[in-house]
Amino acid sequence: MINTSLVKEKENLVLDFLFFWNCPITAGCLKSELNFKHSTLNSILKRLEKQELLTWEKYKEIKLTEKGRESAMHVSNHHFIIERFLKDSLNCSEELAHNEALHLAGAFSCELIEEICKKLKISHNDSHGNFCDIRKYFTD
Ligand SMILES: [Zn+2]
Ligand SMILES: [Zn+2]
């Protein structure tokens, strides 16, 4: 279980992306994939490292820890569930639903996500085989 209130939006984006990417990645590569400024990415990575969600040594690859993988999957599930809700219940376009869901993933409490899950008859904890690429329509 992640404490969503402690995790900032951009940290969620990075976790979401790392879950999708599913293998170690260098900071340089991550920076260009996500189009983040060097300083922004550095401080996000430092905060995630401090929370023991990933390991990162200078000039080496970034790896999610076991705890980090769980958090990343959790954020990714919120993203998927919100996106599906916006499409199914509100008939939002694919692009709008994805973009909104990206940014709302960490803002929605697990309690609210549970309510959506009940309505959609899906589970909060199952990744549903979903690996949504956050870069799809993403611009910083
Ligand atoms: Zn998506
Ligand atoms: Zn949750």
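What comes next is a walk through the structure. (Residues numbered from 1 in each chain as written. Chains lettered and ligands numbered in written order. Predicted model: local features only at pLDDT ≥ 70, side-chain atom pairs only at ≥ 80, totals over all residues. Heavy atoms only, no water.)

**Comments concerning the overall build of the protein**
So, step 1. The number of helices and strands found in the protein is six helices and two strands.
So, step 2. Secondary structure elements in the protein, listed N-terminal to C-terminal, are α-α-α-β-β-α-α-α.
So, step 3. Relative to the globule expectation of 14 Å for 140 residues, the C-alpha radius of gyration of the protein, 15 Å, shows essentially globular dimensions.
So, step 4. In terms of its C-alpha atoms, the protein occupies a principal-axis envelope of roughly 45 × 30 × 25 Å.
So, step 5. Looking at the protein as a whole, 43% of its 140 residues qualify as buried.
So, step 6. If you take every contact in the protein between residues at least 6 apart in sequence, the share linking residues at least 24 apart comes to 65%.
So, step 7. Roughly 7800 Å² of accessible area belongs to the protein as shown, and the carbon and sulfur atoms make up 51% of that amount.
So, step 8. Separation of charge centres in the protein, based on 19 positive and 21 negative side chains, amounts to 4 Å. (Helix = DSSP H or I, 4+ residues; strand = E, 2+ residues; numbered from the N terminus. Rg over C-alpha atoms; globule rule 2.2 N^0.38 Å. Buried < 20%, exposed > 50% of the residue type's maximum accessible area, 1.4 Å probe, protein only. Contact = heavy atoms within 4.5 Å. Areas by Shrake-Rupley, 256 points an atom, 1.4 Å probe, with all protein chains shown as cover. Lys, Arg positive; Asp, Glu negative; His and termini not counted. Charge placed at Lys NZ, Arg CZ, Asp CG, Glu CD.)

**Some points on the coordination of the zinc ion (ligand 2)**
So, step 1. On the protein side, the zinc ion (ligand 2) has H74 (NE2), H78 (NE2), C110 (SG) and H124 (NE2) as donor atoms, found 2.0 to 2.3 Å from it.
So, step 2. For the zinc ion (ligand 2), the four donor atoms are set out with angles of 102 to 125° between them, so the coordination reads as tetrahedral.
So, step 3. Mapped onto the sequence, the donors of the zinc ion (ligand 2) take the spacing H-x3-H-x31-C-x13-H. Separated by 36 residues along the polypeptide, H74 in helix α4 (residues 66–90) and C110 in helix α6 (residues 110–120) bring together distant segments of the chain. (Donors = N, O, S within 2.8 Å, 3.2 Å for Na, K, Ca; no water. Tetrahedral: all angles 85-135°; square planar, octahedral: opposite > 155°, others 65-115°.)

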